[in-house]
Protein chains: 2
Amino acid sequence: MAANTSATAQSHPTLLIPGPIEFDDAVLHSMSHYSESHVGPGFVATFGETLSMLRQLFQTTDPASQPFVISGSGTLGWDLVAANFLERGDKALVLSTGYFGDSFADCLKTYGADVTRLTAPVGGRPQLAEIEHALSATRYKMLTVTHVDTSTGVLSELKPLMAVVNKVSPDTLVIVDGVCSVGCEEIAFDDWGIDGVITASQKAIGCPAGLSISMFSGRAIDLVKNKKTEPMTYYASIKKWLPIMQNYEAKKPSYFATPSSQLIRALHTSLKQILAQPLSDRFQKHIVVSDKVKKAVTDLGLRIVAAKPEDQSHAMTAIYLPDKVTIPDLLPKLLSKGIIFAGGIHKDIATKYIRFGHMGVTVVDTKRDDVDRAIEALKAALAECGYKGA
Amino acid sequence: MAANTSATAQSHPTLLIPGPIEFDDAVLHSMSHYSESHVGPGFVATFGETLSMLRQLFQTTDPASQPFVISGSGTLGWDLVAANFLERGDKALVLSTGYFGDSFADCLKTYGADVTRLTAPVGGRPQLAEIEHALSATRYKMLTVTHVDTSTGVLSELKPLMAVVNKVSPDTLVIVDGVCSVGCEEIAFDDWGIDGVITASQKAIGCPAGLSISMFSGRAIDLVKNKKTEPMTYYASIKKWLPIMQNYEAKKPSYFATPSSQLIRALHTSLKQILAQPLSDRFQKHIVVSDKVKKAVTDLGLRIVAAKPEDQSHAMTAIYLPDKVTIPDLLPKLLSKGIIFAGGIHKDIATKYIRFGHMGVTVVDTKRDDVDRAIEALKAALAECGYKGA
C-alpha cells in the first residue's frame, strides 16, 4: 500500500475526500498539547492570536469585523446565521448548488425564515441574471450562497455576485457558506462587501474537525445588537459569544463555555503555516492542482459533475463514474492503492459519482505527491474495474 | 518548578482546576491520530464502540436509552434539553446550587420555558422537603438538577432526589447536568430512573474539551419523537442526530455533520481506561482523595464553600481564602510551585474563594502525586501570603 507517514509515525492511506483533509504533522502535534487552563495566559494568548490571524485569512482589516471560533461542526454555522440575523418571517434568498445549499435553506426554515431557493440542474448554478431579477422583485433581508458545495464541487463566484447585490439590493445581508472554500478559494471579505462567512476547521484550513469558524461584518454585528427579539438559542447566541471573542483577542480571559484548547492550538498552528506565504500564492496553487486534476479526469474520458469550467471549484472534483463501474467496486480498489476518495452525497446522483478533495497540505506541501499518486491510482483502479478509457 | 511530563515530552504545571483536567498520555496521543474519513470503517467502529462504552459509564443496559456525542462544549447540552424536550410555556423546576444551575435556567427560559428556580444560600442546596413540596404543588414537565455545580463544589445527591420525584411526580422528566460529575460521582441511570444526563468530555471523563456527551432514556426519546412542534434548532435537534448515533453504534456510516474524529478517538481511549476497572472502585477512589483534600483544607483552618459534608462533591473543593489573602496574590505563588487552581466564578463570592479540581488521572493514576503536591503547595503559598494557619 502506498502510504504517508504521519506525526504518529503510523503509515496510513492518504485521505483525499473533500474534508476532513490530510493534516500537517505540526498541526497533529499541537492536538496533543498538554492540558492547560482555558483562562490561563498561555492559552489566552494563543486563542487571541488565532482570532487575529483569522482576520488575515478572511482579508478583513475593518476593526468592526468580528471572528468567532466555537466548538462545533460546520453545521453549527447555519444555526448562528439563522438564529441571530433573522426573525420569524424574514425573507431569505438561498442560492443552492447542491445538498449543502438545500440544507442551509432547511436550517433557515427551522428558525421560521421565509425562504426562497434559487437552484439549477445538478452541476450548474443559479445565473447572475436570475439572481438580479429575484433581488429586484422582492426585498430579501438575507441572501446565502454556498461558495463551494461539497456535494457537487460547484463553485459560486462571489465577486460578480456581490457586485449584483450591491447594485440592486445593497441592504440585503450576504452570508457565504465557506466550509469548503475558506483557505483555498479567494474571499476578499472587505473588498467585496461580504456580511458573513461561516466555515469549519477540517477542510482547506487544515485543522481537525470540531471548530465552527466564522467572520461577520460590523453591519451584521450591529444587526444582532439592535435586534428587538432575543435569539431562540443559548449556545449559538452571537450576543453571548461576542464579548468572549473580543476579550480573548484583547488577551483577556473570558468565559461562556469551555473552548477546546487543543483544537485551538492546532488551528493556531495551521493558520501560522497558511499565513507564512502570501494568500494569493496559496489560491494560485489550488488553481494549478485543480486544473491538473480536471485535465487528468477529462483525459480519462470521465465527466465532471460541475460541467462548465467557470463553475468548477478548486477545492475538489466531483467525477461521474463510467457506465458499469460502481462505487463499491471502485473505492476498495483505490484504498488498496493507498488512496481514499468519497462517494456521492447529492440525492439525485449519489451512486453515480465520486469526490476527490485537493486542499491544504496535499496541494501546497511540495514534499507530498498525494495528487499524482491519486491520479495514477484512479487510472489503475478504473482499469481493474474493466474501464478502457476515453 | 515541580511539574509532570506530558505525552508531548514537555514539562508543564499540573492543571488542578475543575476542568479541563490533566489528561493521560495515551489520550493525548489519540488526539494526534492521523486524519481519517468520518464514514470510513476504522472510525465508524471506533465511534460505535465509544457510544456503547458510554452505556456502561452511565450504567444503563436498557436498549431504549440513547447516547449522543456531538461536537460542542458542555453548554450545548442545555440547548439539547431545552430545544427538544420542552415546548413554549412548559413548566420546568430548576434546582440550582450555583452559577451553572442558574445558567441552565437561563437556557431553558431562552427557549420559552416557564422556569421556577429552587435555590439555597451559597454553599447549600435545596432540601428534599422543599422539592417535594414544589413538585406536589405544581405539575412540572421537567426537573433539572446540577449534580455538582462547578462554581460551588456543591453535590446534589441523585438517589434520594429520584425517590422523591418518583413518589410525588413520576411523570416529570428528570434531567441531570453531570458536566462535573460523570466519571467521578456515581450515576445509576437505569436504577434511579433518570431521563437524561448531559455532560462534557474535559472533566472526569478525561478527554480534551470539544465534545457534548449525553444519555437520554427511552421515555425522553419518545417525547422527542411524538412532539407536536419541531424543535427550533437545527444543530441541536435530537431528531436529526438520533439516526446518526444509532447507525454509528450499529457500525454503519451516517452523516448529519462531520464529527471530530480525533476527539472521538481520544474519548474512546479514555473510556477504555475508565472501564478497565470497576466503576465502583473509581468512585471510591474519588471519595478517598476528596476526603483527604477536605481534611487538609480544614486542618489548615480554611472553610469549604459547601459547608455540610453531605453537600460536598468528590470532584472538586471550593475553598474560601483566609482574610487578607487574595486570588491575585495566591495563584501566582501556586503556579511557581507547579500547581494551577482556578479562581472563583460564583458572582456573590467570586473574589473570595479558589477551586481545586481532583478528578480523573490525578486521582486514579497511582504513579501521580498531583494531590499531595497540591496540598503542600497550598500550605507553602498561603504561608508566603502571610497566613499563619488555624
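Residues numbered from 1 in each chain as written. Chains lettered and ligands numbered in written order. Predicted model: local features only at pLDDT ≥ 70, side-chain atom pairs only at ≥ 80, totals over all residues. Heavy atoms only, no water.

Enquirer: So what exactly am I meant to see when it comes to the interface of chain B and chain A here?
Expert: Many descriptions give the size of an interface as the accessible area lost when the pieces come together. With 54 residues of chain B at the contact, the number on the chain A side is 55 residues. Overall, the association of chain B and chain A removes approximately 4,500 Å² of surface from exposure, summing both partners, and the carbon and sulfur fraction of that is 65%. Per-residue buried area on chain B facing chain A is highest for Tyr34, Met232 and Tyr234 of chain B; these three make up 17% of the total on that side. Counting across the interface, chain B meets chain A through zero salt bridges. Between the two partners, chain B and chain A, sit 12 residue pairs in polar contact (both at pLDDT 80 or more). Those elements that place two or more of their residues in the side of chain B that touches chain A are strand E2 (11-12), helix H1 (25-31), helix H3 (75-85), helix H4 (99-110) and helix H10 (261-275) of chain B. (Contact = heavy atoms within 4.5 Å. Buried area = accessible area lost by both parts, 1.4 Å probe. Salt bridge = Lys/Arg side-chain N within 4 Å of Asp/Glu carboxyl O. Polar contact = N/O pair within 3.5 Å; in protein donor to acceptor, adjacent residues only side chain to side chain. Helix = DSSP H or I, 4+ residues; strand = E, 2+ residues; numbered from the N terminus.)

Enquirer: Whenever I open this one, the UniProt feature "domain: Aminotransferase class V" (unreviewed entry) in chain A confuses me. Can you help?
Expert: In the UniProt entry, the feature "domain: Aminotransferase class V" (unreviewed entry) is given for residues 35-346 of chain A. As a span, residues 35-346 of chain A carries 42% helix and 15% strand, and end to end its C-alpha atoms are 40 Å apart. (UniProt positions renumbered as here; feature names shortened; annotations may be inferred.)

Enquirer: Explanation requested: the domain arrangement of chain A in the structure shown.
Expert: Residues and elements named next belong to chain A. Split into domains, chain A comes out as domain 1 (14-21 + 277-385) and domain 2 (26-275). Placing a centre on the C-alpha atoms of domain 1 and another on those of domain 2 gives a separation of 26 Å. Buried area between domain 1 and domain 2, both sides added, is near 2,400 Å², and the carbon and sulfur share of it is 60%. In terms of surface lost to domain 2, no three residues of domain 1 exceed Leu279, Phe283 and Asp311, which account for 23% of the buried area on that side. The interface formed by domain 1 and domain 2 includes one salt bridge. With a shortest N-O distance of 2.8 Å, Asp311 and Arg125 are connected by a salt bridge. The tally of links between domain 1 and domain 2 comes to 13 residue pairs in polar contact (both at pLDDT 80 or more). Contributions of two or more residues to the side of domain 1 that touches domain 2 are made by helix H11 (279-299), strand E13 (316-320) and strand E15 (353-357). Per-element accounting of the side of domain 1 that touches domain 2 gives the leading share, four residues, to H11. In terms of residue class, the side of domain 1 that touches domain 2 is built from 16 nonpolar, eight polar and five charged. (Domains from an automatic or database assignment. Nonpolar A, V, L, I, M, F, W, Y, C, P; charged D, E, K, R; others polar.)

Enquirer: For this particular structure, what's the right way to read the packing of aromatic side chains?
Expert: For any pair of aromatic rings, the description consists of the separation of the ring centres together with the inter-plane angle of the planes. Residue and element names in this part refer to chain A. Under the counting rule described, the total for this entry stands at 30 aromatic pairs over all chains. Their ring planes at 50° and their centres at 6.5 Å tell us that Trp78 and Phe100 sit as a pair that is tilted. Placement of Trp78 in helix H3 (residues 75-85) and of Phe100 in helix H4 (residues 99-110) is noted, with a sequence separation of 22 residues between them. By the burial criterion, Trp78 is buried, and Phe100 matches it. (Phe/Tyr/Trp six-rings, centres within 6.5 Å; stacked < 30°, edge-to-face > 60°. Buried < 20%, exposed > 50% of the residue type's maximum accessible area, 1.4 Å probe, protein only.)

Enquirer: What should I look at first to understand empty space enclosed by the protein in this one?
Expert: All names here are of chain B. Counted by the stated rule, this structure contains seven cavities of 30 Å³ or more. Roughly 80 Å³ of volume is contained in the largest cavity. Taken together, 16 residues line the largest cavity, and the ones lying closest to its centre are Phe47, Val69, Ile70, Trp241 and Pro259. If you list the elements that add at least two residues to the lining of the largest cavity, you get strand E4 (66-71) and helix H9 (238-249). Sort the elements by how many residues they give to the lining of the largest cavity and H9 lands first, with four residues. Its residues assigned to classes, the lining of the largest cavity shows 12 nonpolar, four polar and no charged. (1 Å grid on protein atoms, 1.4 Å probe; cavity = no way out; pocket = protein on both sides within 12 Å on 5 of 7 lines; lining within 4 Å. Points joined across faces, edges and corners; volume = space filled by probe spheres on them.)

Enquirer: What exactly am I supposed to notice about the layout of surface pockets here?
Expert: Where empty space is left can be seen by rolling a probe of water-molecule size over the atoms. Counted as a void, the largest pocket has a volume near 910 Å³. What lines the largest pocket is a set of 43 residues, and nearest its centre among them are Ser37, His38, Val39 and Gly40 of chain A together with Ile17 of chain B. Listed by contribution, the elements that provide at least two residues to the lining of the largest pocket are helix H2 (41-57) of chain A together with H3, helix H12 (327-336) and strand E14 (339-340) of chain B. Looking at the lining of the largest pocket residue by residue, the classes come out as 23 nonpolar, 15 polar and five charged. Quantified by volume, the second largest pocket comes out at close to 550 Å³. Taken together, 26 residues make up the lining of the second largest pocket; nearest its centre are Ile340 of chain A together with Ser37, Val39, Gly40 and Pro41 of chain B. The set of elements that each furnish at least two residues to the lining of the second largest pocket consists of helix H12 (327-336) and strand E14 (339-340) of chain A together with helix H2 (41-57) of chain B.

Enquirer: Looking at this model, I keep getting lost on the pairing of E15 of chain A. Mind explaining?
Expert: Residues in a regular strand point their side chains to alternate faces of the sheet. All names here are of chain A. Counting buried residues along E15, five of its five residues qualify, which places the element largely inside the surrounding structure. Bridging between E13 and E15 involves five bridges; their strand directions are antiparallel. Note on E15: the bridge partner recorded for Thr317 is Phe356. (Pairing = 2+ DSSP bridges.)

Enquirer: Can you walk me through unusual backbone geometry in this structure?
Expert: Excluding glycine, most residues fall at negative phi; most peptide bonds, likewise, are trans. The omega torsion of the bond from Gly19 of chain A to Pro20 of chain A falls at -5°, within 30 degrees of zero and hence cis. As for its position among the elements, Pro20 of chain A is in the loop between strand E3 (14-15) and helix H1 (25-31). Of note, the phi angle at Lys251 of chain A is positive, near 65°, even though the residue is not glycine. As for its position among the elements, Lys251 of chain A is in the loop between helix H9 (238-249) and helix H10 (261-275). In the Ramachandran plot, Lys324 of chain B falls in the positive-phi region, its phi being about 75° despite a non-glycine side chain. Structurally, Lys324 of chain B can be placed in the loop between strand E13 (316-320) and H12.

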